[in-house]
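Examination of the molecular architecture
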Amino acid sequence: MSEPVIRTASARQSEIARQAESMGVDEAFISDLVDAFYARVQADKDLGPVFEAAIGDDWTGHLVTMKQFWSSIALNAGTYGGRPIPAHHKHLDKIRPEHFSIWLSLFRQTLQDRAPSPEATAFFYERAERIGLNFQNILFK
């Protein structure tokens, strides 16, 4: 039986940076992805009103937070320090389980339109799918 490989944080960060670069993922792509996705969310007849009720007219802060979130996931940027479950839990009077499939569908469409590579599409979509399932399991048990 072989010993597990122990890597330093610096080595792990370098590996993540190489992976992101090989997929064409950088901060500019993440910013574009988030902006394009949430434009679709705002225009959606089902999700738009839910987000409007939670965010109102000031989307700037939410977009910054989502860019930090996805940068932390894809680039290990360490810029996101939020608590997404409590943030969503306080809006359960508006959120429904079926909203997650709509959210995921819009995210996939945005990735298909914007992602720099099929690998980037798969990388982001797999994580979004896990996030959506996790949210549903926690919020609607």
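What comes next is a walk through the structure. (Residues numbered from 1 in each chain as written. Predicted model: local features only at pLDDT ≥ 70, side-chain atom pairs only at ≥ 80, totals over all residues. Heavy atoms only, no water.)

Okay, helix 7 (residues 118–139) next. Helix length check: helix 7 (22 residues) gives 31 Å between terminal C-alpha atoms against 32 Å at 1.5 Å per residue, within 8%. Within the span of helix 7, buried status applies to A120, T121, F123, F124, Y125, A128, I131, G132, F135 and L139. Those residues of helix 7 that are buried are in contact with helix 1 (9–23), helix 2 (27–43), helix 4 (60–75), helix 5 (84–89) and helix 6 (97–114). (Helix = DSSP H or I, 4+ residues; strand = E, 2+ residues; numbered from the N terminus. Expected span 1.5 Å × (residues − 1). Buried < 20%, exposed > 50% of the residue type's maximum accessible area, 1.4 Å probe, protein only. Contact = heavy atoms within 4.5 Å.)

This brings us to the environment of F124. On the secondary structure map, F124 appears in helix 7. Through-space distance from the C-alpha of F124 to that of I73 is 8.9 Å; in sequence the pair is 51 residues apart. Here F124 is in contact with V25, F29, I30, L33, W70, A74, F107 and L111, once residues within four sequence places are set aside.

A few words on helix 4. Taking 1.5 Å of rise per residue, 16 residues should cover 22 Å, and helix 4 covers 22 Å from first to last C-alpha, within 8% of that figure. For helix 4, the complete set of buried residues consists of L63, M66, F69, W70, S71, S72, A74 and L75. The first or second residue beyond helix 4 is N76, which carries a positive phi of 55°.

Let's shift gears to the packing of aromatic side chains. The full count for this structure, using the stated rule, is 15 aromatic pairs. An angle of 20° between the planes, with centres 6.0 Å apart, marks the rings of F51 and W59 as stacked. Aromatic pair W70 and F107: ring centres 5.2 Å apart, planes at 20°, arrangement stacked. With a gap of 37 residues between them, W70 in helix 4 and F107 in helix 6 connect regions that are remote in the sequence. For the pair shown, W70 and F107 are each scored as buried. The rings of F29, F37, Y38, F51, W59, F69, W70, Y80, W103, F107, F123 and F124 are connected pair by pair, giving a single aromatic cluster. The side chain of R108 reaches across the aromatic face of Y125, ending 3.8 Å from its centre. One cation-aromatic arrangement involves R127 over F123; the distance from NZ or CZ to the ring centre is 3.6 Å. (Phe/Tyr/Trp six-rings, centres within 6.5 Å; stacked < 30°, edge-to-face > 60°. Lys NZ or Arg CZ within 6 Å of the ring centre and 35° of its normal.)

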